[in-house]
Amino acid sequence: MNKVDEFEELRPLLFSIAYRILGSVSEAEDAVQETWLRFDGSTTLPTSVKAFLSATVTRISIDVLRSARVRREEYVGPWFPEPLLSDPYQDPARSAELADSVSMAALLLLERLSPLERSVFVLREVFGFGFDDVASAVGRSEAACRQLLVRARRHMEAGRPRFEADRQERQELATRFFDALREGDVAGLRDLLAADVQMVGDGGGKAPQLARAVIGAENVARLLASVFPLLARIDVTFEPHEVNGQPGAIFRDGDGKVLQALALDVLDGQIQTIRSVINPDKLGHLGPVADAWAIDGEVKKARRQMK
């Protein structure tokens, strides 16, 4: 194969590595593009193209993450990863690791790690790279990488998210949830929510968002049941869709533009967490983005008309 073919064959893997390190679709795509430019500009062919490209995209992602961490510390409100509707890289031998590692909960847990710990964990635990390749990618000795992995595992195990193991049961619960949401059914929603369920939104100061997390089945059920009928009145619709490997939905305005992405954490037959991403900067890769402020104004107007 020529360079272009070799690179395109590995592009899904490179994106998946970068996304898990960065939590950003746009930054991951930029990292992959920069990796291609470096590969295309190299005059010698590496012994292992996969190892070379994986190491290159990892180093680029580490540099991007170090600068991004400062911005995230100054972020307005909760920070969530950019929603990913489908992971382009598939490996049947590591399907469980790949699915768990791309969830919103897991990516938020990875945020607690240093860039080096995060990269070592992603390469070794998620993608199964040997320590020699991991060491080459992060520019540390194998012994140092083993220590980084021990620390990363300790942090991850302490807060490792758990999800409903049965994919079909998880999807069936999500279907019941979205049916109840369409109907504004408070009791139906409440029955599907864990007693201590949390609903949290990421607007980044660029879209209307919850002032704070809404906690408790009764509070979350009443909020959802009161808001969605108003959204429906102004032609906002939603389509259930897997978001970061978990049940979720994409909301659209009357023109079909993306308003928000909703992701659900499901465990023990109940919804534990509902995360909403409405920051327009994080939705552009899903299509044209709706004006959330304008929709917020229409919702308030609809509420006044109903009184």
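Residues numbered from 1 in each chain as written. Predicted model: local features only at pLDDT ≥ 70, side-chain atom pairs only at ≥ 80, totals over all residues. Heavy atoms only, no water.

Asks: I would appreciate a short explanation of the pattern of salt bridges in the present structure.
Replies: Here the structure, examined in full by the defined rule, presents 20 salt bridges. Two residues, R11 and E8, come together in a salt bridge whose shortest N-O distance is 2.9 Å. Linking R11 with E8, this pair stays in helix α1 (residues 3–22), spanning three residues, or about one helical turn. Assessed through its relative accessible area of 39%, E8 is described here as partly exposed. Among the salt bridges present, the one from R71 reaches E27, with a minimum N-O distance of 2.9 Å. Of this pair, R71 sits in helix α3 (residues 49–73) while E27 is found in helix α2 (residues 25–41), placing the two residues 44 residues apart along the sequence. (Salt bridge = Lys/Arg side-chain N within 4 Å of Asp/Glu carboxyl O. Helix = DSSP H or I, 4+ residues; strand = E, 2+ residues; numbered from the N terminus. Buried < 20%, exposed > 50% of the residue type's maximum accessible area, 1.4 Å probe, protein only.)

Asks: Sorry, what's going on with the pairing of strand β1 (residues 193–202) here?
Replies: Burial within β1 is extensive, with seven of its ten residues counted as buried. By the bridge criterion, two bridges tie β1 to strand β2 (residues 214–215) in an arrangement that is antiparallel. Opposite Q198, over in β2, you have I215 as the bridge partner. (Pairing = 2+ DSSP bridges.)

Asks: So what exactly am I meant to see when it comes to the side chain of E111 here?
Replies: Topologically, E111 is positioned in the loop between α5 (104–110) and α6 (115–126). Setting aside its immediate chain neighbours within four residues, E111 contacts R69, R72, W79 and R118. (Contact = heavy atoms within 4.5 Å.)

Asks: How should the layout of surface pockets be read in this particular structure?
Replies: Rolled over the atoms, a probe as big as a water molecule pinpoints where empty space is left. Considered as a void within the structure, the largest pocket measures approximately 610 Å³ in volume. Surrounding the largest pocket, 24 residues form its lining, L210, V227, L231, Q260 and I278 being those nearest its centre. When residues of the lining of the largest pocket are assigned to their parent elements, the largest contribution, six residues, is made by helix α12 (residues 292–306). Looking at the lining of the largest pocket residue by residue, the class counts come to 17 nonpolar, four polar and three charged. (1 Å grid on protein atoms, 1.4 Å probe; cavity = no way out; pocket = protein on both sides within 12 Å on 5 of 7 lines; lining within 4 Å. Points joined across faces, edges and corners; volume = space filled by probe spheres on them. Nonpolar A, V, L, I, M, F, W, Y, C, P; charged D, E, K, R; others polar.)

Nothing here speaks to function; it is all geometry.
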